[in-house]
Amino acid sequence: MQNNLPNFHRARQTVVNLGSNFLVLLLNVGVGILLVPFVIRHAGLEAYSFYPLAINFSQGVILVITAITGTFARFLSVALHGSDPAAARRIFSTANVALLVLNLALVPVILAFSYNVGDLLHVPPALTGEVGLLMAFTLLSTLCTIIEGGISTVAFSLNRIELKNVSQIASKLILLCGVVVLFLLFGGNLAFIGIAMFAGAVVSLLISVAFWRHIAPSFVISPRQFDRTFLRQVGASSFWVFVNQIGALIFLQMDLFFVILYWGALVGGAYGAVMQAAIAVRTLFLTLVYVYIPKATFLYASEGSGAVARYILSLERAIAFLSGLVIGILVGFGPDLLRLWLGPAFLDYAVPYAVMLIALAPSLVAIPVNSAFAIYNAVRLPAVVTFWLGLLYLALLLGMRFLETKSPLLVPITGGLVLGIKNGLFTPAYFAGVAGLPARDFFLPYLHVVLVGAVAGGTALALQELVPATNLLLLPLEMGLAMLVGLGFIYVALLNAQERAQLARLVQRLQRR
């Protein structure tokens, strides 16, 4: 490896990682903003509903496999930071050989599912061929993403997150340009989305392979370095993370499926379009926290669990402040955003849009804590709770079939309530016990997100009433003003003296630069 272990105290690398993550985030959001109305206009709302559904299935597979790659990454990081490069090389090879074998096993399952998708998802006959090809190419691109995830564990462990982001940027640009060009040249066939996505995933994988060979040439993928002892050692941890991801999969992926099942593809298309805002917000905060988790692993290996707990608590407070701002502003300006982005017809979905975003708040605040369970190797009980609450949510969704009158709004409300129990009550209480800190410390950020969201959202509603945003030039200005009010409230009411002093020093350093 080149120049080996990373310096996690080096501010420049953190800035590079964070900047590249936000660049990827902006590109993801931009691609979503552009593709949703573009696909609806060229393929139709009914056909569009199967695009986010395909993405849901793809993300579901990735979530499950993340149970394995995340556990491997933890062991790899500890081995590297513990100055055991031989063990790290065995872990890397074992992880990637296992992922390659698993992917080969998934190929016939994906092809069989795609071939029978018309019967399984009640696809209109005219769309069966398109949807089948969309699902096939989308899920095959997912296999490329899984392989890339195994290879990228070494970049993650070395705190070179920006390298993975380069490949993600290439993938998103190919997806956007490919869909636009193919749709304009050949018409709005859903299969073109899958083809563009698959092409982007292949290019992204090749870029990640090049970076892996550059930063860690001594790490190879070879059956000779396959370590069955290590695989058994990591098996218990990865099993419980796997169980946790199954529960998370139910929460994140089942809502759109049941909306289409109960209310049809047209309602599902509108619901899928509106839910892109919640997906973008969740991606924003996952992206933000992802930058800081490698340092948490480093702290665990070098300073112990107490340092990790304090670090995670500071992350949780920051996420609470930021998520309150973002959710409050997006909900307050919701009608204007929907009207200018998707069209006046989507104003009827302003309430589901707001419910999805508000219900997301406890899960956002809990992201740092949920990420830390794997570092502490305390994943069993959280996995069990997530799994059983996921089954409860699934049972409630199935039970909606027997209601005499039911509304699509019941889906996000039900999911928000069940997730609130898990992430707003169980998660902070259990982590406080694991970390040995007062539970009050980890519950307080949930109050902060409510207060900040109320201030930012109230400001947004007032501005919307006083000066309705008639175009996409005025709306960002009003959103910026609401954010300034929210930031002022955080500084005056929620930051302590030490945090204000740290913020002042940060501003001074930035001014000197």
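What to know about the confidence of the model for the chain
Mean pLDDT over the chain works out to 83, with 91% of the residues at or above the 70 mark. Element-level pLDDT for the chain is lowest in helix α3 (residues 50-81), with a mean of 70, against a maximum mean of 92 in helix α18 (residues 439-466). Below pLDDT 50 for its whole length, residues 1-9 participates in 26 contacts with residues either more than four positions away or in separate chains.

Looking at the packing of aromatic side chains
All chains considered together, the criterion is met by 18 aromatic pairs. Look at Tyr262 and Trp263: their rings are 5.6 Å apart centre to centre, the planes differ by 85°, and that puts the pair in the edge-to-face class. With 6.4 Å between their ring centres and 45° between their planes, Phe346 and Tyr349 make a pair best called tilted. On the basis of relative accessibility, which here comes to 10%, the residue Phe346 falls in the buried class. Using a relative accessible area of 21% as the deciding quantity, one classes Tyr349 as partly exposed. Taken together, the aromatic side chains of Phe373, Tyr376, Phe426, Tyr430, Phe431 and Phe442 make up a single cluster linked through ring pairs. The aromatic ring of Trp212 is capped on one face by Arg213, whose charged end is 5.0 Å from the ring centroid. Here Arg500 stacks its cationic end above the ring of Tyr491, 5.4 Å away from the centre of that ring.

Structural notes on the pattern of salt bridges
Scanning all chains against the criterion turns up 2 salt bridges. Two residues, Arg339 and Asp336, come together in a salt bridge whose shortest N-O distance is 2.7 Å. A residue pair is termed a helical-turn pair when its members lie 3 or 4 positions apart in one helix, as Arg339 and Asp336 do in helix α13 (residues 334-341) at 3 residues. A relative accessible area of 26% places Arg339 in the partly exposed class. According to the relative accessible area criterion, Asp336 is buried, its value standing at 6%.

Some thoughts on the packing of helix α4 (residues 85-115) against helix α6 (residues 128-151)
Two elements in contact, α4 and α6, have axes whose closest approach is 9 Å; the angle formed by their N-to-C orientations is 175°. With respect to their mutual orientation, α4 and α6 come out roughly antiparallel. Across the interface between the two elements, Phe92, Asn96, Leu99, Leu100, Asn103, Leu106, Val107, Ile110, Phe113 and Ser114 of α4 pack against Gly132, Met135, Ala136, Leu139, Leu140, Leu143, Ile146, Ile147, Gly150 and Ile151 of α6. A class-by-class count of the residues in the contact of α4 with α6 yields 15 nonpolar, 5 polar and no charged.

A short note on a nonpolar patch on the surface
There is a patch of nonpolar side chains on the surface, built from Leu481, Met483, Leu484, Val485 and Leu487 and spanning about 420 Å² of accessible area. Note on placement: Leu487 falls in helix α19 (residues 474-494). Residue class for Leu487 comes out partly exposed when judged on its relative accessible area of 40%.

Things to note about the environment of Ala199
By the element assignment, Ala199 lies in helix α9 (residues 191-215). In this structure, the C-alpha to C-alpha distance between Ala199 and Ala296, residues 97 residues apart in sequence, is 34 Å.

Some points on the environment of Leu481
Following the sequence through the fold, Leu481 ends up in helix α19. For Leu481 and Ala456, which are 25 residues apart along the polypeptide, the C-alpha to C-alpha distance reads 9.5 Å.

Structural notes on the nonpolar core
Core analysis: the largest hydrophobic core is formed by 119 residues, its most contacted members being Ile193, Phe285, Phe333 and Phe431. Looking at which element gives the most residues to this core, the answer is helix α12 (residues 305-332), with 15 residues. In contact with Ile193, other than residues within four places in its own chain, are Val39, Tyr51, Leu134, Leu175, Val179 and Phe183. Ranked by size, the runner-up nonpolar core spans 23 residues in total, among them Cys144, Ala155, Ala201 and Leu205.

Concerning the side chain of Lys422
Position of Lys422 among the secondary structure elements: in helix α17 (residues 410-435). In this structure the side chain of Lys422 is engaged in a polar contact, spanning 3.3 Å, whose partner is the side chain of Asn423. Among all residues touching Lys422, those that are not within four sequence positions of it are Asn370, Val385, Thr386, Leu389 and Thr427.

Considering the side chain of Thr414
If you trace the backbone, Thr414 turns up in helix α17. Within polar-contact distance, the side chain of Thr414 engages the backbone oxygen of Leu410 at 2.6 Å.

Structural notes on α19
The end-to-end C-alpha distance of α19, which contains 21 residues, comes to 30 Å, matching closely the 30 Å that a straight helix rising 1.5 Å per residue would cover. Every buried residue belonging to α19 is among Leu475, Glu478, Met479, Ala482, Gly486, Ile490 and Leu494, and all of these are buried. Taken down its axis, α19 places every buried residue within 125° of arc, on the same side. Opposite its buried face, α19 presents the exposed residues Leu477, Leu484 and Val492, each directed more than 90 degrees away.

Looking at the environment of Phe442
On the secondary structure map, Phe442 appears in helix α18. Among the residues examined, Phe442 registers a relative accessible area of 0% and is labelled buried. In the structure, Phe442 is positioned 103 residues away from Arg339 in sequence and 38 Å away in space, judged by C-alpha atoms. Residues in contact with Phe442, not counting those within four places in the same chain, are Ala309, Leu313, Glu316, Val369, Pro428, Phe431, Ala432 and Leu437.

Some words on empty space enclosed by the protein
Tallied over the entire structure, the rule returns 1 cavity of 30 Å³ or more. Within this model, the largest cavity holds a volume of roughly 70 Å³. Taken together, Ile151, Ser152, Ala155, Leu163, Lys164, Ser208, Phe211, Trp212 and Ile215 make up the lining of the largest cavity. Counting residues per element, the lining of the largest cavity draws most heavily on α9, at 4 residues.

What about the packing of helix α14 (residues 350-365) against α17?
It is at 8 Å that the axes of α14 and α17 come closest, and there the two elements cross at 15°. In this view, α14 runs roughly parallel relative to α17, as classed from their interaxial angle. Between α14 and α17 lies a crossing whose hand is left-handed. Between α14 and α17, the contacting residues are Val355, Met356, Ala359, Pro362 and Ser363 on the first element and Pro412, Ile413, Gly416, Leu419, Gly420, Asn423 and Gly424 on the second. When grouped by side-chain class, the residues that make up the contact of α14 with α17 number 7 nonpolar, 5 polar and no charged.

The rules behind the values
- Residues numbered from 1 in each chain as written.
- Predicted model: local features only at pLDDT ≥ 70, side-chain atom pairs only at ≥ 80, totals over all residues.
- Heavy atoms only, no water.
- pLDDT = per-residue confidence, 0-100.
- Helix = DSSP H or I, 4+ residues; strand = E, 2+ residues; numbered from the N terminus.
- Contact = heavy atoms within 4.5 Å.
- Phe/Tyr/Trp six-rings, centres within 6.5 Å; stacked < 30°, edge-to-face > 60°.
- Buried < 20%, exposed > 50% of the residue type's maximum accessible area, 1.4 Å probe, protein only.
- Lys NZ or Arg CZ within 6 Å of the ring centre and 35° of its normal.
- Salt bridge = Lys/Arg side-chain N within 4 Å of Asp/Glu carboxyl O.
- Axes fitted to C-alpha atoms, helices over the stretch in contact; angles between N-to-C directions.
- Parallel < 35°, antiparallel > 145°, perpendicular 65-115°, else oblique.
- Nonpolar A, V, L, I, M, F, W, Y, C, P; charged D, E, K, R; others polar.
- Patch = residues over 30% accessible without salt bridge, like charges linked within 9 Å, V, L, I, M, F, W, Y side chains within 5 Å.
- Areas by Shrake-Rupley, 256 points an atom, 1.4 Å probe, with all protein chains shown as cover.
- Core = buried A, V, L, I, M, F, W, Y, C linked by side-chain atoms within 4.5 Å.
- Polar contact = N/O pair within 3.5 Å; in protein donor to acceptor, adjacent residues only side chain to side chain.
- Expected span 1.5 Å × (residues − 1).
- Arc of directions from axis to C-beta.
- 1 Å grid on protein atoms, 1.4 Å probe; cavity = no way out; pocket = protein on both sides within 12 Å on 5 of 7 lines; lining within 4 Å.
- Points joined across faces, edges and corners; volume = space filled by probe spheres on them.
- Left-handed = near helix turned anticlockwise from the far one by under 90°.

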